[in-house]
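# Observations on chain architecture
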Amino acid sequence: MTAQTTEARPRTVNEPVDVRFHSSGAPLAMRWRGRIWQAVGEPVSWSSSRSWWEPGNTPVNGQGSLITKRVWRFQAQAGPVSPTLEVDISSDPHTDGWQLRRIAGAE
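My aim in this report is to walk through the structure given alongside it, one point at a time. In this text, all values refer to a predicted model and were calculated from it rather than measured experimentally.

### Examining the side chain of S91
Examined against the element boundaries, S91 turns out to sit in strand β5 (residues 85–92). Within the structure, S91 has its side chain in polar contact with the backbone nitrogen of R70 (distance 2.8 Å).

### Some thoughts on the pattern of salt bridges
Following the criterion strictly, the structure yields four salt bridges and no others. With a shortest N-O distance of 3.1 Å, D88 and R102 are connected by a salt bridge. Here R102 lies in strand β6 (residues 97–104) and D88 lies in strand β5, a separation of 14 residues in the sequence. Its relative accessible area of 7% is what places D88 among the buried residues. Salt bridges linked by common partners bring R73, E86, D88 and R102 together as one network.

Thresholds applied
Residues numbered from 1 in each chain as written. Predicted model: local features only at pLDDT ≥ 70, side-chain atom pairs only at ≥ 80, totals over all residues. Heavy atoms only, no water. Helix = DSSP H or I, 4+ residues; strand = E, 2+ residues; numbered from the N terminus. Polar contact = N/O pair within 3.5 Å; in protein donor to acceptor, adjacent residues only side chain to side chain. Salt bridge = Lys/Arg side-chain N within 4 Å of Asp/Glu carboxyl O. Buried < 20%, exposed > 50% of the residue type's maximum accessible area, 1.4 Å probe, protein only.

As far as function goes, none of this settles anything; it's purely spatial.
Encoded structure:
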């Protein structure tokens, strides 16, 4: 019999999250589904801009013709023995909040 490893595939989530940031601007932790997930490792950040008239975008009053989102990818744990998740969060220009966009790993 051979051992099998199961690698969790990333899935799209699109749920609001509360995020706490370090003074450097990097995420420290997020609250998702009632749990605090602490960022571990080095987070990676990028920005994404799209025209408001492209499919799937809605204009934000007073913000011109581009919708810009800040995206962070980082690993997170709810505790020292909890599974490690890789998550993508992005700013939501409509609410000034954050959305959990993608998650990979065992929950």
